[in-house]
Amino acid sequence: MSHIDLNDVVAHIKPEYIIEIEKPCESRQENTTTNDNGTTEPPTKKQKLTGSNKHRPKYQHIPKSSKLCRSVWCVSPQPQQNQKKERKHKQKHEEKEEKPLQPAAQHPPRPAPPPPRRCSFPSCAFMHDVTAFLATKPPDLGPHCHNFHTFGRCPYGVVCRYGGEHISDGGNVVNNTIQQQQQQQQVSINTLSKELQIKLRKRQYDFSKALTCNERAMREVETLPPEEDLIKLLSREKKKISWHGKTYLAPLTTLGNLPFRRVCKRYGADITCGEMALSSCLLQGNPSEWALVKRHPSEDIFGVQVCGSSPQSMIKATQLLEENIDFDFLDINMGCPIDLVYKQGGGSALMRRVGCLETMVRGMTQTLSRPLTLKMRTAIHQNTHTAHTIIRKAKLWDVALVTVHGRSREQRYLKLADWDYIGQCVREADPMPVFGNGDVLSFQDYNSFQERSGVAGVMIGRGALIKPWVFREIKEQRHWDISASERLDMLKLFVNYGLEHWGSDTEGVEKTRRFLLEWLSFLHRYIPHGLLERTQHLNQRPPPYQARSDLETIMASRAASDWIKISEMLLGKTPAEFKFLPKHKANAY
């Protein structure tokens, strides 16, 4: 039995911090509720309390005619004194040209100064007048630019929203001392080059290796003897990873971005994995999809997770990633419960397409020189278990690791994870390592689940969103009563990483703000340990309470308006008519 009580859904906070709230009188007018589209009309059907908000406000894109062309973002400043000297030199040169030249005084012609950098696109729709752009540019959001102080040069130049200290005379100032010191430091790797994107879009990339591996895998599946007669072959020479005893940050869609992973690495996460990338979009050279495989140098054990329904496209994507980016292992998503992915045969649908999965895995392992891992759920339907049958076969497919999320697709994130069944999967997989996933929010949860199931390690998803320092607690085997100011410093760290990753221009700042707000929609669920009578579990909601400081209280607020106030502390004032609605309705309770 689990040490977590499914019926104990209210966190145990000390009585002196709990606030008594009077219940309002019931009236007929209160039957009208706010719908997803923001109206207060009576609902025509029963509203779902879970799932995603489908009527979220869209990001307001700035027209191209109001944005500055990238070719003039980082032009060098031209001080007025230098401009005066250039005018005087030009006048003297013109006077010399008016005088008749003597044959004996002839000199070789002086080389012309290099022409100013201009846009290479004759029909470019962006602005090119820096002076006009600066005249209409909104005021700065803060006095200090993180990129300028960190790298000595802000790559966003005159469009930076914190550019007061590095924009001078219509140009971008560079601190050569800092730039030379930080010259070897990289913000991220695994970027999509223009040459590779053109090859993919014109279908000129050579996938002969992937096609050969696909055909070989299909022949192996068709000609193999019955399962009981199989003898596992020696694993191919591949990079080895020591999995045992490691903490693993789960690949989280939207929220498992590079800045958040960097924060978790600072708190002790051992293994990180990028967000789920669709194999078809990677093969098309989609920049937004390739952004999901970016890696920071601090991620010493980094994996890429891909999702797809076709063995051929998955094997092609494997060859593409193998030859063009740097990663340590590749993970196949077999747990995504989203209807759009499931209906196309990807994600958790692979658990019912075992023949297709076998062809996919065999072809991908032949293409890879790195380990291949699987992440799956217990089953598709509730109250059924099928993962152990797949794991029994996966031992013969040269799979390096399997991660089991202890819930079915139909459960999504409801009820508790079934760690007893995860233990059964561990016994079926021996000697292949198995990681467990589900309901870990403290080092006590980690110890209990690991001892109970015998897993090689634990993957943490929502627990890391609510409490990123859970990795440090696990390593130090103690509760950390982190203060509100320390949590605000953590958010500042995330914002600085976001400005490096998404940019310090208007669009980059707003992207950073929205990802910060999405994170705060989970982070507010943390209850400070000093306020608790018992350890908090993942399924527990807090009663209304007053924390130890105003900052700690606003961080515990469930109102999106308070999350916006926190973002304004770090990123400055929000734009006019800014609205935010979290992606998940229930904020993952």
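For clarity, every value in this text was computed on a predicted model and none was experimentally measured.

Q: Now, about the overall build of the protein: what can you tell me, with residues and values included?
A: Broken down by element type, the protein carries 21 helices and eleven strands. A burial count over the protein gives 49% of its 589 residues as buried. Counting only contacts in the protein whose residues sit at least 6 apart along the sequence, the fraction spanning at least 24 positions is 74%. With an accessible surface of roughly 31200 Å², the protein has 51% of that area assigned to carbon and sulfur atoms.

Q: Could you give an account of the nonpolar core, naming the residues involved and the relevant values?
A: Counting 138 residues, the largest nonpolar core has Ile332, Met376, Leu491 and Trp519 as the members making the most contacts within it. Tallying contributions element by element places helix 18 (residues 484–502) first for this core, with nine residues. If you look at the next biggest cluster of nonpolar residues, it comprises eight residues, including Ile527, Leu532, Tyr545 and Ala547.

Q: Outline the environment of glycine 572, listing residues and values.
A: Note that glycine 572 resides in the segment after helix 21 (560–571). Sequence separation between glycine 572 and valine 509 is 63 residues; the distance between their C-alpha atoms is 9.5 Å. Those residues within four positions of glycine 572 in sequence are excluded, and the remaining contacts are Leu141, Arg513 and Ser567.

Q: Give me the packing of helix 18 against helix 19 (residues 506–523): which residues, what numbers.
A: Interhelical geometry of helix 18 versus helix 19 gives an angle of 145° and a closest axis separation of 9 Å. For the element pair helix 18 and helix 19, the recorded crossing hand is right-handed. Seen from helix 18, the contacting residues are Arg487, Met490, Leu491, Phe494, Val495, Gly498, Leu499 and Trp502; seen from helix 19, they are Gly508, Val509, Lys511, Thr512, Phe515, Leu516, Trp519, Leu520 and Leu523. For the contact of helix 18 with helix 19, the residue count by class is twelve nonpolar, three polar and two charged.

Q: Describe in detail helix 5 (residues 194–201), supporting the description with residues and values.
A: Within the sequence span of helix 5, burial applies to Leu196, Gln197 and Leu200. On an axial view of helix 5, the arc spanned by its buried residues comes to 100°, and they lie on one face. In helix 5, the exposed positions that point more than 90 degrees away from the buried face belong to Lys194 and Glu195. Tucked inside the fold, the buried residues of helix 5 contact helix 8 (279–283), helix 9 (287–290) and helix 10 (311–324). Phi turns positive one or two residues past the end of helix 5, at arginine 203, with a value near 55°.

Q: Tell me about the pairing of strand 8 (residues 372–377), and please be specific about residues and values.
A: Within strand 8, six of the six residues are buried, which leaves it mostly tucked inside the rest of the structure. Covered by surrounding structure in strand 8 are Leu372, Leu374 and Met376 together with Thr373, Lys375 and Arg377, the residues of both alternating faces. As paired strands, strand 7 (residues 329–334) and strand 8 are joined by five bridges and run parallel to one another. Each residue of the ladder has a partner; that of leucine 330, found in strand 8, is leucine 372. Pairing between strand 8 and strand 9 (residues 401–405): five bridges, direction parallel.

Q: Quick rundown of unusual backbone geometry? Include the residues and the values.
A: In this model, aspartate 430 is joined to proline 431 through a cis peptide bond whose omega is 10°. As for its placement among the helices and strands, proline 431 is situated in the loop between helix 14 (419–429) and strand 10 (434–437). Of note, arginine 412 is a non-glycine position whose phi angle comes to about 55°, a positive value. Mapped onto the fold, arginine 412 is located in the loop between strand 9 and helix 14. A residue is classified by how much of its surface remains accessible, and arginine 412, at 33% relative accessible area, is partly exposed. The backbone phi angle of lysine 415 is positive, close to 60°, even though this residue is not glycine. On the secondary structure map, lysine 415 appears in the loop between strand 9 and helix 14.

Q: Before we move on, could you go through the packing of helix 14 against helix 15 (residues 443–453) and cite the residues and values that matter?
A: For any two helices packed against each other, one specifies the crossing angle of their axes together with the interaxial distance. At their nearest, the axes of helix 14 and helix 15 sit 8 Å apart, and the two run at 45° to each other. Classified by the interaxial angle, the pair formed by helix 14 and helix 15 is oblique. Crossing geometry of helix 14 relative to helix 15 is assigned as right-handed. On helix 15, the residues that touch Trp419, Asp420, Ile422, Gly423 and Val426 of helix 14 are Phe449, Arg452 and Ser453. Tallied by class, residues from the contact of helix 14 with helix 15 come to four nonpolar, two polar and two charged.

Q: Any chance you could break down the pattern of salt bridges for me, citing the residues and the numbers?
A: By the definition in use, this model includes 24 salt bridges. The closest approach of N and O atoms between aspartate 339 and arginine 412, which form a salt bridge, is 3.5 Å. Of this pair, aspartate 339 sits in helix 11 (residues 339–343) while arginine 412 is found in the loop between strand 9 and helix 14, placing the two residues 73 residues apart along the sequence. Members of the salt-bridge network, linked through shared partners, are Glu220, Glu358 and Arg362.

Q: Help me get a handle on the packing of aromatic side chains, residues and values and all.
A: Enumeration over the complete set of coordinates arrives at 14 aromatic pairs. Both rings, one in tryptophan 469 and one in tyrosine 526, keep their centres 4.9 Å apart while their planes meet at 90°; by these two values the pair is edge-to-face. Here tyrosine 526 lies in the loop between helix 19 and helix 20 (550–555) and tryptophan 469 lies in the loop between helix 16 (462–466) and helix 17 (470–476), a separation of 57 residues in the sequence. Residue class for tryptophan 469 comes out buried when judged on its relative accessible area of 0%.

Q: Could you give me a rundown of the environment of leucine 531, with the residues and numbers involved?
A: Structurally, leucine 531 can be placed in the loop between helix 19 and helix 20. Owing to a relative accessible area of 0%, leucine 531 belongs among the buried residues under this scheme. For the pair leucine 531 and alanine 547, spaced 16 residues apart in sequence, the C-alpha separation works out to 7.6 Å. Each residue touching leucine 531, except ones within four places of it in the same chain, is listed here: His12, Ile13, Lys14, Tyr17, Tyr545, Gln546, Ala547, Arg548 and Glu552.

Q: Lay out the environment of arginine 353 in plain terms, naming residues and giving numbers.
A: Within the fold, arginine 353 resides in the loop between helix 11 and helix 12 (354–367). Overall, the relative accessible area of 25% leaves arginine 353 in the partly exposed class. Residues within four places of arginine 353 in sequence aside, it is in contact with Ser309 and Gly345.

Q: Residue-level account of the side chain of arginine 262, with values.
A: Looking at where arginine 262 falls in the secondary structure, it is placed in helix 7 (residues 258–266). With residues up to four places along the chain from it excluded, the contact list for arginine 262 reads His296, Ser298, Tyr497 and Glu500.

Q: Could you give me a rundown of the UniProt feature "zinc finger region: C3H1-type" (unreviewed entry) in the protein, with the residues and numbers involved?
A: Those places that UniProt annotates as "zinc finger region: C3H1-type" (unreviewed entry) correspond, in this numbering, to residues 139–169. The annotated region residues 139–169 carries 19% helix and 6% strand content, and the separation between its end C-alpha atoms amounts to 16 Å.

Q: Explain helix 13 (residues 387–394) residue by residue, including any values.
A: Given 3.6 residues to a turn, an α-helix orients residues that are three or four positions apart in the same direction. The complete set of buried residues in helix 13 reads Ala387, His388, Ile390, Ile391 and Ala394. What you see down the axis of helix 13 is that its buried residues fit within an arc of 160°, all on one side. Buried residues belonging to helix 13 abut strand 7, helix 12, strand 8, strand 9 and helix 14.

Calculation notes
Residues numbered from 1 in each chain as written. Predicted model: local features only at pLDDT ≥ 70, side-chain atom pairs only at ≥ 80, totals over all residues. Heavy atoms only, no water. Helix = DSSP H or I, 4+ residues; strand = E, 2+ residues; numbered from the N terminus. Buried < 20%, exposed > 50% of the residue type's maximum accessible area, 1.4 Å probe, protein only. Contact = heavy atoms within 4.5 Å. Areas by Shrake-Rupley, 256 points an atom, 1.4 Å probe, with all protein chains shown as cover. Core = buried A, V, L, I, M, F, W, Y, C linked by side-chain atoms within 4.5 Å. Axes fitted to C-alpha atoms, helices over the stretch in contact; angles between N-to-C directions. Left-handed = near helix turned anticlockwise from the far one by under 90°. Nonpolar A, V, L, I, M, F, W, Y, C, P; charged D, E, K, R; others polar. Arc of directions from axis to C-beta. Pairing = 2+ DSSP bridges. Parallel < 35°, antiparallel > 145°, perpendicular 65-115°, else oblique. Salt bridge = Lys/Arg side-chain N within 4 Å of Asp/Glu carboxyl O. Phe/Tyr/Trp six-rings, centres within 6.5 Å; stacked < 30°, edge-to-face > 60°. UniProt positions renumbered as here; feature names shortened; annotations may be inferred.

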